[in-house]
Amino acid sequence: MKHTKKFAATAMAAALVLPGTAAFASGGSSDDKMMHEDNAKNVTVNTKAADLRATLDQLLSEHFVLAVMDMKKQYDGSKDAKYYEAALKQNALDMTPAIASVYGEEGAKQFEKIFVDHNKYTTDLVKAVKADDQDGINASKAETEEFVQDLSSFLDTATEGKLPKAAAEEVLRTHEADVYKTFQQYAAGDYEGSYNTFREGYSRMYDISKALSVAITTQMPEKFDNTKADTKAADLRSTLNSLAAEHVALANISMTAGVDQAKDYDAANWAEDMHTADFKAAMKSVYGQAGADQFEQVWTKNHIEAQANLVTAAINDDKKLMGDAQEMLKMFSNDFGAFLGAATEENLPTKAAQEAVSGHETYVQDTFMQYAEGDYKGSVDTFRESYAYMYGVGANLGEAIVKQSPEKFMDGTPGSMPNTGNGGMSDNNTAATTGAIALFGLALGAAGIVLARKRQNA
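Quick notes on the rules
Residues numbered from 1 in each chain as written. Predicted model: local features only at pLDDT ≥ 70, side-chain atom pairs only at ≥ 80, totals over all residues. Heavy atoms only, no water. Helix = DSSP H or I, 4+ residues; strand = E, 2+ residues; numbered from the N terminus. Buried < 20%, exposed > 50% of the residue type's maximum accessible area, 1.4 Å probe, protein only. Contact = heavy atoms within 4.5 Å. Expected span 1.5 Å × (residues − 1). Phe/Tyr/Trp six-rings, centres within 6.5 Å; stacked < 30°, edge-to-face > 60°. Core = buried A, V, L, I, M, F, W, Y, C linked by side-chain atoms within 4.5 Å. Axes fitted to C-alpha atoms, helices over the stretch in contact; angles between N-to-C directions. Parallel < 35°, antiparallel > 145°, perpendicular 65-115°, else oblique. Left-handed = near helix turned anticlockwise from the far one by under 90°. Nonpolar A, V, L, I, M, F, W, Y, C, P; charged D, E, K, R; others polar.

Points about the overall build of the chain
- A count of helical and extended segments in the chain gives 13 helices and zero strands.
- Each helix and strand of the chain, ordered N terminal to C terminal, gives the series α-α-α-α-α-α-α-α-α-α-α-α-α.
- Relative to its 458 residues, the chain shows a buried fraction of 54%.
- Sequence separation of 24 or more characterises 75% of the internal contacts of the chain that already satisfy a separation of 6 or more.

A few points about helix α8 (residues 232–259)
- Between its first and last C-alpha, α8 extends 41 Å over 28 residues, near the 40 Å set by a 1.5 Å rise per residue.
- Within α8, 28 of the 28 residues are buried, which leaves it mostly tucked inside the rest of the structure.

Considerations on the environment of E327
- Position of E327 relative to the elements: it lies in helix α10 (residues 319–343).
- The exposure class assigned to E327 is partly exposed, which follows from its relative accessible area of 46%.

Digging into the packing of aromatic side chains
- Going through the model one piece at a time under the given rule, you end up with 13 aromatic pairs.
- Taken together, a centroid distance of 6.5 Å and an interplanar angle of 80° make the contact between Y75 and Y186 edge-to-face. Taken together, the positions of Y75 in helix α3 (residues 48–76) and Y186 in helix α6 (residues 165–187) put the pair 111 residues apart, joining distant regions of the chain.
- Look at Y186 and you get buried, because its relative accessible area is 8%.
- Pairwise contacts between aromatic rings join Y75, F183, Y186 and Y191 into one cluster.

Comments concerning the nonpolar core
- V65, L151, L155, Y202, I216, F383 and Y387 are the most contacted members of the largest nonpolar core, which totals 68 residues.
- Listing elements by their share of this core, those giving two or more residues are α3, α4 (81–130), α5 (134–158), α6, α7 (191–219), α8, α9 (265–316) and α12 (376–404).
- Per-element accounting of this core gives the leading share, 19 residues, to α4.
- Discounting chain neighbours no more than four positions away, the residues touching I216 are L52, V102, Y103, T159 and F224.
- Among the nonpolar cores identified, the runner-up in size contains 23 residues, and A233, A353, L397 and M410 belong to it.

Considering α3
- With 29 residues, α3 extends 42 Å between its outermost C-alpha atoms, agreeing within 8% with the 42 Å of an ideal straight helix rising 1.5 Å per residue.
- Of all 29 residues in α3, 23 are buried, a share of seventy percent or more.
- Looking at the residues trailing α3, positive phi occurs at G77, about 65°.

Details of the packing of α8 against helix α11 (residues 350–372)
- One way to put it is that α8 packs onto α11 with a least axis distance of 10 Å and a crossing angle of 30°. In terms of axis orientation, α8 runs roughly parallel to α11. In this structure, α8 crosses over α11, and the sense of that crossing is right-handed. Where α8 approaches α11, its residues H247, V248, A251, N252, M255, T256 and V259 are matched on the opposing element by H360, V364, T367, F368, Y371 and A372.
- Split by residue class, the contact of α8 with α11 holds eight nonpolar, five polar and no charged.

Pasting the structure below:
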């Protein structure tokens, strides 16, 4: 076990010595080096500005996920439709405290009215699409455009022009188009197209939250201890949150579609495969094809396939298969948690990592089992808890990574990672964000190599 841990830590540490880090290995005065070392000690993902961005990441991305699921559930007449509708409304209400903390109660109430009211348009649109009512569709689109105008004006005024109305209009209109197109493709039976649009729209919410958090922290820097929302460390935290939360969303969608034997089940699984491919492509850019293949094997077999087996077991009431799948997930949680502890040189302690991964898997299983057993409200509530949980995972893992290699996440340092072309990520994402994806991909990929060695030496 000691040999395994040493190998994992060495592999991760070596990979983290990226172009740019070497710039500090030689040259420069002793004072410069001391200043650099002091600055490196202060690199963190946990600043007030990064916290604001993470909060907006969570609430805005969850809004998109719930809006799409609400519309699909209403369209299909699903038994849990009313609970997703309620969750969508509650998500809007959950934004109020975040807005109030920045702009006060009056500003929060104004925001809340604009945002809560616009969720009603989704119901109108679903009814119009089901009835093939073009006038109704056009009316819903007009209401949506009114929302875009109202909220963009609010944001422009609230941020004192730091997020200009024209810029806010553009991102809000694009977001609404993402929601509509995802639903329209689903209703038309283009399930693969719908999931592809879903992934693009989901990723775009993180661009919106970044822009908004930068505008707010620029407007009132003292309120956020003069920290910035767009540092490399904040980018890392946001990227890890995005990838982790999207996995939870896709797992929930695919597993519930599976037990319902829904028409979009294959497309939901395809979307999960594309998500896995994003990790694999990112890791390959750092660790090569062999590492990428190892990652795919461990992530898919002991994780994605195990979740699929839970679906099959529930459909067939196969208790043995259910138990086997649960054991696979326990193995994945323990092994992958142990790897993360070793790979981060215990900056993320092994026990904490194992508990975090296990907690995630428990949430996913509970969400699914509640749904399969007909506890739809419980399932939706657990899904929301599961989604929020991943933002703690992203923060803790992100902090461990920057503490292990702070030079990589110091702003103003040279060096970047190659663009991996991850699905849904916008072209204007920073090199640091792309690097963050690659680093996390490396961690996952190296896990496959470590676990393979463990089993060979067993």
